[in-house]
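Residue-level structure breakdown
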Amino acid sequence: MMNRSIPRLGLLRWEISLALFIKVILLTGLWFLIFRWQDKPASKPDIAAHFALPANPSDFSSQPTKEPHHDR
């Protein structure tokens, strides 16, 4: 009689099914942690206000900046 080194086919299917089920559960949990976390802001942030230039233009120098001259 030959001694089998691989498990029965039915047992292997159950192990693969269980591993895929655990993977789906963990990925679903990770999705909830990343995208549906409780501490998200109540309203969407105003992106235009975040990237808007300051209202006071005197902060910017009208003089062009000179880069240092490097001789080689």
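Here we summarise the structure given alongside this text.

Of the regular secondary structure elements, the protein holds 2 helices and 0 strands. Counting all 72 residues of the protein, 0% fall into the buried class. Total accessible area on the protein is roughly 8,300 Å²; 64% of this is exposed by carbon and sulfur atoms.

Take the packing of aromatic side chains next. According to the stated counting rule, one finds 2 aromatic pairs in the structure shown. Between tryptophan 31 and phenylalanine 32, the ring centres sit 5.0 Å apart and the planes meet at 85°, which makes this aromatic pair edge-to-face. According to the relative accessible area criterion, phenylalanine 32 is partly exposed, its value standing at 46%. Measuring from ring centre to ring centre gives 6.1 Å for tryptophan 31 and phenylalanine 35, while their planes differ by 45°; the resulting arrangement is tilted. Highlighted residues: tryptophan 31 and phenylalanine 35, both in helix 1 (residues 9-35), separated by 4 residues, approximately one helical turn. Taking relative accessible area as the criterion, phenylalanine 35 reaches 54% and is therefore assigned exposed.

Turning our attention to a nonpolar patch on the surface. Residues Leu27, Leu30, Trp31, Phe32, Leu33, Ile34, Phe35 and Trp37 make up a contiguous nonpolar surface patch of about 870 Å² in total accessible area. For leucine 33, the position within the fold is in helix 1.

Calculation rules
- Residues numbered from 1 in each chain as written.
- Predicted model: local features only at pLDDT ≥ 70, side-chain atom pairs only at ≥ 80, totals over all residues.
- Heavy atoms only, no water.
- Helix = DSSP H or I, 4+ residues; strand = E, 2+ residues; numbered from the N terminus.
- Buried < 20%, exposed > 50% of the residue type's maximum accessible area, 1.4 Å probe, protein only.
- Areas by Shrake-Rupley, 256 points an atom, 1.4 Å probe, with all protein chains shown as cover.
- Phe/Tyr/Trp six-rings, centres within 6.5 Å; stacked < 30°, edge-to-face > 60°.
- Patch = residues over 30% accessible without salt bridge, like charges linked within 9 Å, V, L, I, M, F, W, Y side chains within 5 Å.
- Salt bridge = Lys/Arg side-chain N within 4 Å of Asp/Glu carboxyl O.

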